[in-house]
Amino acid sequence: MLTALLNRQVFTTIHYSREELRGFRKKGASFICPHCSSPLTMKIGSRNVPHFAHISHADCELVRGETPQHLLSKQLLYDRISSLYTRVSLEHSIKGLKQVADIYVKTDTAEIAIEIQCSSIPISEIVRRTYGYHRQGITPLWILTQPLKSKKLLSLTTFQQAFIRYSPHLDYFILHFLPDRSIFQLYPHLLPVSATAFMSAAPIIIPVSEFTLPPSIPNVSVLHPAFLSHWYDFRTKWIYNKIHYNKARTDVFLREVYGEGDTFLYLPLYIGIPVIPHGIHIRNHEVEWQYYVWKDCLKGDAISEENVCRVLDRRIANGHIELRSLPLLKIDEEIKRIASGYLRLLEELQVLRKINDMYQLTEPWSCPDHFSAYEQHKHDFFPRWKHILKKL
């Protein structure tokens, strides 16, 4: 905690130097928790942000133990936001809710509660708190500070994926705060290649000194086609891993593929293509959910967008397809957007043709059943795919 009550007045450690704080402690100042009225002790180290802690081990109902990273994050963001607005509070208790916002801001037009998240909590808790804020007319802003793993791909846990947001300019993105470096990293144009791995354009660096409310989105260039050129490699790796680590007799998906008489290793390349941007809502690999769509309706004579939506809804209800938990997004009809995006790609690839509101196959369904047939399919497919990439 960075705030306490001293003689019934709010006292905040970041407003004083370490020497001044030691002076208060030397005089025997009695600090009280503003949330549970328990006595507090002041901790003044040489490395971490000076802060308060409960003397007893009894849990405060609203305030839990905080990491040095959390304390530093609050200090940096409070300093920045205080330079932009006059009505800014640290560790603000929301009336009517058992919630304490790390930072609370009141502007002429809005109330904003900033929640800094360093440790994992149930996603249901994020949903609960977000709903509570909205019920009070407060806009919540969740900020992730957990370390992210990023090499060739960006690895996001299920919890970290809950912080994904959407912008028409950046597609799906995640904003990550690094308090030790006083910067934000914004990863735009997220595209899943597995349940936890994502391709992303190069991260955009935003110094905390340039942070705004709402967060300003830099004017960056759109996704470069070269970024998607690795799609085929990731698709192939997923297929080989699926074959190697799963048994066709027990794997539900493989059982459906082989039961249909199709060869999993040689599935047409238009099964498993990235549906940009809204395909991110489906947690399953593109090969899985797109094959279900083909098996259930696209192999027919005439297909509508509504048919595809019904297939996806039914597969979700049956547990064959799982949606990602993205609680910070307010995008309606995501299934319809996914179906529309996939059908549009198939039309551009000349796999389907659109006649009024219906789609028809340009030629009968055919899954290659040996290597040379698959190589010919690749030869025919990639020129069309490269043409699509040039337009992205």
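Predicted model only: the values in this text are computed from it and were never measured.

Asker: So what exactly am I meant to see when it comes to the overall build of the protein here?
Answerer: Of regular secondary structure, the protein possesses ten helices and 20 strands. With the C-alpha coordinates of the protein rotated into their principal frame, the extents come out at 85 × 40 × 40 Å. Within the protein, counting contacts between residues at least 6 apart in sequence, those at least 24 apart form 61% of the total. About 20000 Å² of surface is accessible on the protein, with carbon and sulfur atoms providing 50% of the total. If you average the places of the 47 positive and of the 38 negative side-chain charges in the protein, the two averages end up 7 Å apart.

Asker: When you look at helix 3 (residues 123-135) in this model, what are you seeing that I'm missing?
Answerer: The periodicity of an α-helix, 3.6 residues per turn, causes residues three or four positions apart to be oriented the same way. The end-to-end C-alpha distance of helix 3 is 18 Å, a good match for the 18 Å that 13 residues give at a rise of 1.5 Å each. Among the residues of helix 3, those classed as buried are Ile-123, Glu-125, Ile-126, Arg-129, Thr-130, Gly-132 and Tyr-133. In this structure, the buried residues of helix 3 make contact with strand 7 (100-106), strand 8 (111-117), strand 9 (139-144) and helix 4 (158-161). One or two residues past the end of helix 3 sits Gly-137, with phi positive at roughly 75 degrees.

Asker: How do you make sense of the pattern of salt bridges when you look at a structure like this?
Answerer: Two side chains bearing opposite charge may form a pair once their charged atoms approach each other closely. Under the criterion given, the structure shown has 17 salt bridges. Between Glu-125 and Arg-128 there is a salt bridge, with its nearest N and O atoms 2.7 Å apart. On the criterion of helical spacing, the pair formed by Glu-125 and Arg-128 is a turn pair, its members being three residues apart in helix 3. The residue Glu-288 makes a salt bridge to Lys-242 at a minimum N-O spacing of 3.0 Å.

Asker: Can you help me understand the nonpolar core in this one?
Answerer: Within soluble globular proteins, side chains that are nonpolar tend to cluster in buried spots. Of all hydrophobic cores here, the largest spans 50 residues; its most connected members are Trp-294 and Leu-298. At the level of secondary structure, the elements contributing two or more residues to this core comprise helix 5 (231-245), helix 6 (252-259), helix 7 (286-298), helix 8 (305-317), helix 9 (334-348), strand 20 (358-361) and helix 10 (371-390). Looking at this core element by element, the count peaks at eight residues for helix 7. When sequence neighbours within four positions are dropped, the list of residues in contact with Leu-298 reads Val-293, Ile-303, Val-308, Tyr-342, Leu-343, Leu-346 and Leu-361. Among the nonpolar cores identified, the runner-up in size contains 29 residues, and Tyr-78, Leu-90, Leu-175 and Ile-204 belong to it.

Asker: What should I look at first to understand the state of the cysteines in this one?
Answerer: Cysteine pairs can be linked by a disulfide, which is a covalent bond between their two sulfur atoms. Applying the stated rule across the entire model yields zero disulfides. As a non-bridged cysteine, Cys-297 has Cys-309 as the owner of its nearest cysteine sulfur, 9.6 Å distant. Residue Cys-297 is classed as buried on the basis of its relative accessible area, which comes to 13%. A disulfide-free cysteine, Cys-367 has its sulfur positioned 17 Å from the sulfur of Cys-297, the nearest such atom.

Asker: Sorry if this is basic, but what is going on with unusual backbone geometry here?
Answerer: Glycine aside, a negative phi is what most residues show, and trans is what most peptide bonds show. In this model, Leu-213 is joined to Pro-214 through a cis peptide bond whose omega is -10 degrees. Secondary-structure assignment places Pro-214 in the loop between strand 17 (204-207) and helix 5. Residue Pro-277 follows Ile-276 across a cis peptide bond; omega there is 0 degrees. Mapped onto the elements, Pro-277 comes out in the loop between helix 6 and helix 7. Notably, Asn-7 is not glycine yet its phi reads approximately 55 degrees, a positive angle. Position of Asn-7 relative to the elements: it lies in the loop between strand 1 (3-6) and strand 2 (9-12). Positive phi, close to 65 degrees, is recorded for Ser-37, a residue that is not glycine.

Asker: Hey, could you run me through the sheet that holds strand 20 in this one?
Answerer: Backbone-to-backbone hydrogen bonds join strands into a sheet, with any given pair of strands oriented parallel or antiparallel. Pairing in this open sheet of three strands is antiparallel, and the strands run 18-20-19 from one edge to the other. Sheet topology places strand 18 (303-304) and strand 19 (352-355) at the edges, where each strand pairs with a single neighbour. The strands that helix 9 touches are strand 18, strand 19 and strand 20; relative to strand 19, the one it contacts most, it runs at about 110 degrees.

Asker: Is there a simple way to think about the side chain of Gln-146 in this case?
Answerer: The residue Gln-146 is located in the loop between strand 9 and strand 10 (149-150) in this model. Here the side chain of Gln-146 touches Gln-160 through a polar contact of 2.9 Å, side chain to side chain. Setting aside anything within four residues of it in sequence, one finds Gln-146 in contact with Gln-117, Cys-118, Ser-119, Ser-120, Phe-159, Gln-160 and His-176.

Asker: Teacher, can you tell me more about the environment of Thr-109 here?
Answerer: As for its position among the elements, Thr-109 is in the loop between strand 7 and strand 8. Relative accessible area serves as the criterion here: at 77%, Thr-109 is assigned to the exposed category. With 92 residues separating them in the primary sequence, Thr-109 and Ala-201 have C-alpha atoms 34 Å apart.

Definitions and cut-offs
- Residues numbered from 1 in each chain as written.
- Predicted model: local features only at pLDDT ≥ 70, side-chain atom pairs only at ≥ 80, totals over all residues.
- Heavy atoms only, no water.
- Helix = DSSP H or I, 4+ residues; strand = E, 2+ residues; numbered from the N terminus.
- Contact = heavy atoms within 4.5 Å.
- Areas by Shrake-Rupley, 256 points an atom, 1.4 Å probe, with all protein chains shown as cover.
- Lys, Arg positive; Asp, Glu negative; His and termini not counted.
- Charge placed at Lys NZ, Arg CZ, Asp CG, Glu CD.
- Expected span 1.5 Å × (residues − 1).
- Buried < 20%, exposed > 50% of the residue type's maximum accessible area, 1.4 Å probe, protein only.
- Salt bridge = Lys/Arg side-chain N within 4 Å of Asp/Glu carboxyl O.
- Core = buried A, V, L, I, M, F, W, Y, C linked by side-chain atoms within 4.5 Å.
- Disulfide = S-S within 2.5 Å.
- Pairing = 2+ DSSP bridges.
- Axes fitted to C-alpha atoms, helices over the stretch in contact; angles between N-to-C directions.
- Polar contact = N/O pair within 3.5 Å; in protein donor to acceptor, adjacent residues only side chain to side chain.

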